[in-house]
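Summary of structural features
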Amino acid sequence: MNLISIPAFQDNYIWLLVNPLQRCLIVDPGEAAPVLSELKEKGWIPEGILLTHHHHDHVGGVTEILQNFPNIPVYGPQETAHKGATNIVKDGDSLSLCGQIFSVIAVPGHTLGHIAYYSAPYLFCGDTLFSGGCGRLFEGSPQQMYASIQRLAQLADETLICSAHEYTLSNLNFARAVLPQDRDIETYQQQIKQLRAKNHSSLPSKLQLERKINVFLRCDDIDLQRNLGIDLPPNDLSLIFAELRARKDSF
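Just so you know, these numbers come straight off a predicted model, no measurement behind them.

As a further point, take the UniProt feature "domain: Metallo-beta-lactamase" (unreviewed entry) in the protein. Mapped onto this numbering, the UniProt entry gives "domain: Metallo-beta-lactamase" (unreviewed entry) at residues 11–165. Helix makes up 21% of residues 11–165 and strand makes up 34%, while its end C-alpha atoms are separated by 5 Å.

Below, the structure written as structure tokens:
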């Protein structure tokens, strides 16, 4: 399989997953033009569209893509039913597309109906898990979002985190502020600075790495808790997550 990220808007990525027969999946097409251009240039034929949630920068291009490819199915959670989804999917569903089997995983938090699609090693997680960070809580609670990213954290080390935004450097800047002595975060921050200076993408990222450099996956870290001013581990680690998310929102 060939994994392609197409830049859109200011910092979005639209993902294409292309099989050896030149058929592809389109993930979260916020706008149509760059997708249609890539399909025309490469001769790829879309077999389906995957939507993770209802926000416009993830669904805005669906209508125009369907005007060009009217017979392809559009998969998405119930909240995308009026945003172009033709096949509503839910947690636990399986999809067979482009020779891959995708599991649908409910990951509420950013929105209440947010889902992710997983077919090893590919994880299309929309605005739930970013490299070095996680999505804002527009609809869900910290407890929901913490449970969602913990669920994703149980996937295999080699899982490729195909997030929908280029937020890695800003996330690592926050991580350094929270854990200034952490060598893994410092080293990765420098690597990403060099990548972004050349306008290269920082994604996808491997889950094995994220467990080291993503503070939102390290809520059980005693040093992190102490740096947040929490001396004793609470019974509910989602409280650590909530504090982290609140600080990131105002960082």
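For helix 9 (residues 238–249), built from 12 residues, the straight-helix expectation of 16 Å at 1.5 Å per residue is met to within 8% by its first-to-last C-alpha distance of 16 Å. When we look at burial in helix 9, the residues that qualify are Ser238, Ile240, Phe241, Leu244, Arg245 and Lys248. For helix 9, the angular spread of the buried residues around the axis is 150°, confining them to a single face. Here the buried face of helix 9 lies against strand 12 (133–134), helix 4 (142–153), helix 5 (168–178) and helix 8 (222–227).

This part covers the layout of surface pockets. Where empty space is left in the structure can be found by rolling a water-sized probe over the atoms. Reported here for the largest pocket is a volume of approximately 320 Å³. Lining the largest pocket are 18 residues, and of these Phe130, Gly135, Arg136, Tyr167 and Arg245 lie nearest its centre. For the lining of the largest pocket, the elements supplying multiple residues, two or more each, are strand 12, helix 5 and helix 9. Of the residues in the lining of the largest pocket, the class split is six nonpolar, seven polar and five charged. The wall of the second largest pocket is formed by Ser5, Pro7, Ala8, Phe9, Gln10, Asp11, Asn12, Tyr13, Glu166, Arg196, Asn199 and Ser201.

Analysis parameters
Residues numbered from 1 in each chain as written. Predicted model: local features only at pLDDT ≥ 70, side-chain atom pairs only at ≥ 80, totals over all residues. Heavy atoms only, no water. UniProt positions renumbered as here; feature names shortened; annotations may be inferred. Helix = DSSP H or I, 4+ residues; strand = E, 2+ residues; numbered from the N terminus. Expected span 1.5 Å × (residues − 1). Buried < 20%, exposed > 50% of the residue type's maximum accessible area, 1.4 Å probe, protein only. Arc of directions from axis to C-beta. Contact = heavy atoms within 4.5 Å. 1 Å grid on protein atoms, 1.4 Å probe; cavity = no way out; pocket = protein on both sides within 12 Å on 5 of 7 lines; lining within 4 Å. Points joined across faces, edges and corners; volume = space filled by probe spheres on them. Nonpolar A, V, L, I, M, F, W, Y, C, P; charged D, E, K, R; others polar.

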